[in-house]
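# Topology and contacts: notes
If you want the building blocks of each chain, they are given just below.
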Amino acid sequence: MAVEVRVPAILQSVVGGQKVLRVEGRTVGEILDRLDQEFPGVKKLLLDEDGQVRRHINIYLNDEDIRFLQRLETPARDGDIISILPALAGGGIHALR
Amino acid sequence: MKMPVRVYIGTPLRRFTGNLARVEVEARDVAEALDRLSARFPGLRAELFDEAGQLRRYVNVYVNNQEIEDLAGPNTQVRDGDEIAVVPALAGGADGAPAAPAREKLVRLTPEQVIRYSRHMIMPEIGGTGQRKLLSSSVLVIGAGGLGAPAILYLAAAGVGRIGVVDFDVVDLSNLQRQVIHTTDAIGRPKVESARDTVRRINPDVEVVPYNTALTSANALDIIKDYDVVLNGSDNFPTRYLVNDACVFLRKPLVDASVFKFDAQVTVFLPGQGCYRCLYPAPPPPGAVPNCAEAGVFGVVTGLVGAIQATEVIKLILELGESLAGRLLLIDTLAMDFRTVKLRRNPNCPVCGDNPTITQLIDYEAFCGVPVLAQS
Ligand SMILES: [Zn+2]
């Protein structure tokens with residue numbers, strides 16, 4: 001089951017500068033595991049110590065937030081799109097330091 | 001003699017006409033046409049007429065783009081080929097929609113204004129009533145920076161009567177790559193003053209209220225309460241959460257956006273339908289997200305997104321179409337890809353949930369672990 005994972009600009013540096021990745025896996029969690037094997041550290045950026053998606057990050061399967069599906073257990077099918085959406089602050093010059 | 005005339009049905013009324021936008025009826029005058037229309041689509045009658053059979057005050061009727069108020073009212077004669085447009089000015093205080101000013105409070109247009117706004121007014125969806133509504137409306141723009149600059153320009157050009165602008169910063173040379181409301185000779189001047197002066201030259205109908213201050217927990221409610229809609233062009237998390245919470249408490253529609261390099265996210269939060277905390281319950285830890293000065297920002301993206309925000313604000317004021325409420329618009333300008341994902345209200349949201357735990361403004365610097373720096 002190959003799923004398309006869309007990586008936001010803010011995280012592309014940790015996946016070798018790629019914007020779209022094709023990853024195999026039956027659930028969103030499994031796909032993140034695969035991703036982490038290839039690019040160690042990805043999971044730590046997305047999940048907290050309890051293995052939950054960090055609160056400033058949303059993971060979507062197609063157009064639905066996985067929080068409203070089965071979270072990391074959400075099954076993924078061939079052709080599905082997983083989008084990672086971190087909170088962005090910007091608009092101008094000042095932001096978080 | 002009875003003539004076949006076309007009746008254009010405003011979007012909110014189409015649920016009574018089986019989604020038909022245009023209906024043909026035979027009639028001698030407007031009153032007869034509306035009567036025929038109501039006979040054919042029974043649900044419409046109560047929408048168009050009050051108990052006494054008078055046309056409801058918030059229903060605007062046009063014949064060939066002229067308001068019947070300015071013609072012979074319901075007795076306006078119609079002829080073969082004429083088009084009558086029936087457009088409700090407000091949906092009856094739909095949840096979250098800004099309160100439409102009562103007709104008697106709406107300004108009368110001067111001949112110059114009729115020309116200035118003619119491209120708006122010729123559209124039955126806006127018309128004279130819509131334009132007067134814009135002139136009677138007020139919008140607060142947080143930040144006269146990358147997003148606020150283009151948004152203010154379009155809101156001003158469109159004739160939004162009062163635009164509040166909150167920003168404590170001064171114009172810097174490095175702003176001019178994207179903050180198109182400011183000019184080279186404004187460098188060093190407060191952004192709110194520079195924005196006000198530019199707006200004056202674009203449209204003297206518009207009053208700009210400058211707030212040359214940081215938005216804080218101490219002043220936010222006081223500033224925001226006087227406006228119909230809030231447009232968020234802030235660039236930092238403390239202000240983003242502050243504006244969100246204040247808008248939830250004051251039940252103000254919030255048109256929100258953020259930009260990072262070539263990407264952007266845009267949405268609309270309507271009272272009772274979710275908020276920024278439903279989307280992102282907490283900010284990233286300090287240092288996790290680089291700022292625009294570190295990462296850069298593609299100037300024209302802020303123009304695109306600010307214009308989208310202005311579009312959503314004007315749609316809310318005019319109650320036109322479907323807002324981005326309930327959807328998050330994701331823009332990738334390198335791929336020129338636009339798509340939306342669903343947003344839902346979180347019943348456990350600490351601010352807008354069923355049992356809110358935050359019921360007044362808090363210390364947002366502490367909440368985000370950083371000081372509130374700027375709104376631009
Ligand atoms: Zn909420």
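Check the entry above for the structure.
Here's what I pulled together on the structure shown here. Quick caveat: nothing in here was measured; it's all calculated off a predicted structure.

### Some thoughts on the overall build of chain A
Counting its secondary structure elements, chain A contains 2 helices and 5 strands. Secondary structure elements of chain A, listed N to C terminal, follow the sequence β-β-α-α-β-β-β. Against the globule reference of 13 Å for 97 residues, chain A gives a C-alpha radius of gyration of 13 Å, in line with a compact fold. For chain A, buried positions account for 54% of its 97 residues. Just so you have it, chain A exposes about 4,700 Å², and 48% of that area is on carbon and sulfur atoms. Charge centroids of chain A, computed over 13 positive and 15 negative side chains, lie 5 Å from each other.

### What about the overall build of chain B?
Looking only at helices and strands, chain B has 13 helices and 13 strands in total. Principal axes of the C-alpha set define a box for chain B whose edges measure 75 × 50 × 40 Å. Within chain B, the proportion of its 376 residues that are buried is 54%. Intrachain contacts of chain B at a sequence separation of at least 6 include 67% that bridge at least 24 residues. In the structure as shown, chain B presents an accessible area of about 15,500 Å², 52% of it carried by carbon and sulfur atoms. Separation of charge centres in chain B, based on 38 positive and 42 negative side chains, amounts to 3 Å.

### Some remarks on the sheet that holds strand 1 (residues 2-6) of chain A
All names here are of chain A. Pairing is mixed across the open sheet formed by 5 strands, whose spatial order is 2-1-5-3-4. Every interior strand has two partners, whereas the edge strands, strand 2 (20-24) and strand 4 (64-65), have only one. The sheet contact formed by strand 1 and strand 2 spans 5 bridges and is antiparallel. Bridge pairing links V3 to V23 in strand 2. On the sheet, helix 1 (residues 28-38) packs against strand 1, strand 2, strand 3 (57-61) and strand 5 (81-86) and is oriented at approximately 110° with respect to strand 2.

### Some words on the packing of helix 6 (residues 148-158) of chain B against helix 12 (residues 299-318) of chain B
Residue and element names in this part refer to chain B. Interhelical geometry of helix 6 versus helix 12 gives an angle of 40° and a closest axis separation of 7 Å. The angle between helix 6 and helix 12 places the two elements in the oblique class. Taken as a pair, helix 6 and helix 12 cross one another with a handedness that is right-handed. Facing helix 6, whose interface residues are P150, A151, Y154, L155 and A158, helix 12 presents T302, G303, G306, A307, A310, V313 and I314. Residue classes in the contact of helix 6 with helix 12 are distributed as 9 nonpolar, 3 polar and no charged.

### A look at the side chain of R14 of chain B
All names here are of chain B. Take R14: it is sitting in the loop between strand 1 (3-9) and strand 2 (22-27). Among buried charged residues, R14 stands out as having no salt bridge; its nearest opposite-charge side chain is E125, 5.3 Å away. Engagement of the side chain of R14 in a polar contact is seen with the backbone oxygen of I9, the distance being 2.9 Å. Not counting residues up to four positions away in its chain, the partners in contact with R14 are Y8, I9, N19, L20 and A21.

### Brief notes about the packing of aromatic side chains
Residue and element names in this part refer to chain B. Applying the stated rule across the entire model yields 5 aromatic pairs over all chains. Relative to Y227, the ring of Y211 lies with its centre 6.4 Å away and its plane at 75°, an arrangement referred to as edge-to-face. Note that Y211 is positioned in strand 8 (residues 207-211) and Y227 in the loop between helix 8 (220-224) and strand 9 (229-232), a separation of 16 residues in sequence. A single burial state applies to Y211 and to Y227, both of which are buried. Feature note: the residues Y241, Y276, Y280 and F367 constitute an aromatic cluster, connected by ring pairs. Note that R162 overlies the ring of Y227, its terminal NZ or CZ placed 4.6 Å from the centroid. Above the ring of F367, the side-chain terminus of R277 is found at 4.7 Å from the ring centroid.

### Comments concerning a nonpolar patch on the surface
All names here are of chain B. Judged by side-chain polarity, L304, M336 and F338 come together as a nonpolar surface patch covering roughly 270 Å² of accessible area. Within the element layout of this structure, F338 appears in strand 13 (residues 337-342). According to the relative accessible area criterion, F338 is partly exposed, its value standing at 38%.

Scoring rules and cut-offs
Residues numbered from 1 in each chain as written. Chains lettered and ligands numbered in written order. Predicted model: local features only at pLDDT ≥ 70, side-chain atom pairs only at ≥ 80, totals over all residues. Heavy atoms only, no water. Helix = DSSP H or I, 4+ residues; strand = E, 2+ residues; numbered from the N terminus. Rg over C-alpha atoms; globule rule 2.2 N^0.38 Å. Buried < 20%, exposed > 50% of the residue type's maximum accessible area, 1.4 Å probe, protein only. Areas by Shrake-Rupley, 256 points an atom, 1.4 Å probe, with all protein chains shown as cover. Lys, Arg positive; Asp, Glu negative; His and termini not counted. Charge placed at Lys NZ, Arg CZ, Asp CG, Glu CD. Contact = heavy atoms within 4.5 Å. Pairing = 2+ DSSP bridges. Axes fitted to C-alpha atoms, helices over the stretch in contact; angles between N-to-C directions. Parallel < 35°, antiparallel > 145°, perpendicular 65-115°, else oblique. Left-handed = near helix turned anticlockwise from the far one by under 90°. Nonpolar A, V, L, I, M, F, W, Y, C, P; charged D, E, K, R; others polar. Salt bridge = Lys/Arg side-chain N within 4 Å of Asp/Glu carboxyl O. Polar contact = N/O pair within 3.5 Å; in protein donor to acceptor, adjacent residues only side chain to side chain. Phe/Tyr/Trp six-rings, centres within 6.5 Å; stacked < 30°, edge-to-face > 60°. Lys NZ or Arg CZ within 6 Å of the ring centre and 35° of its normal. Patch = residues over 30% accessible without salt bridge, like charges linked within 9 Å, V, L, I, M, F, W, Y side chains within 5 Å.

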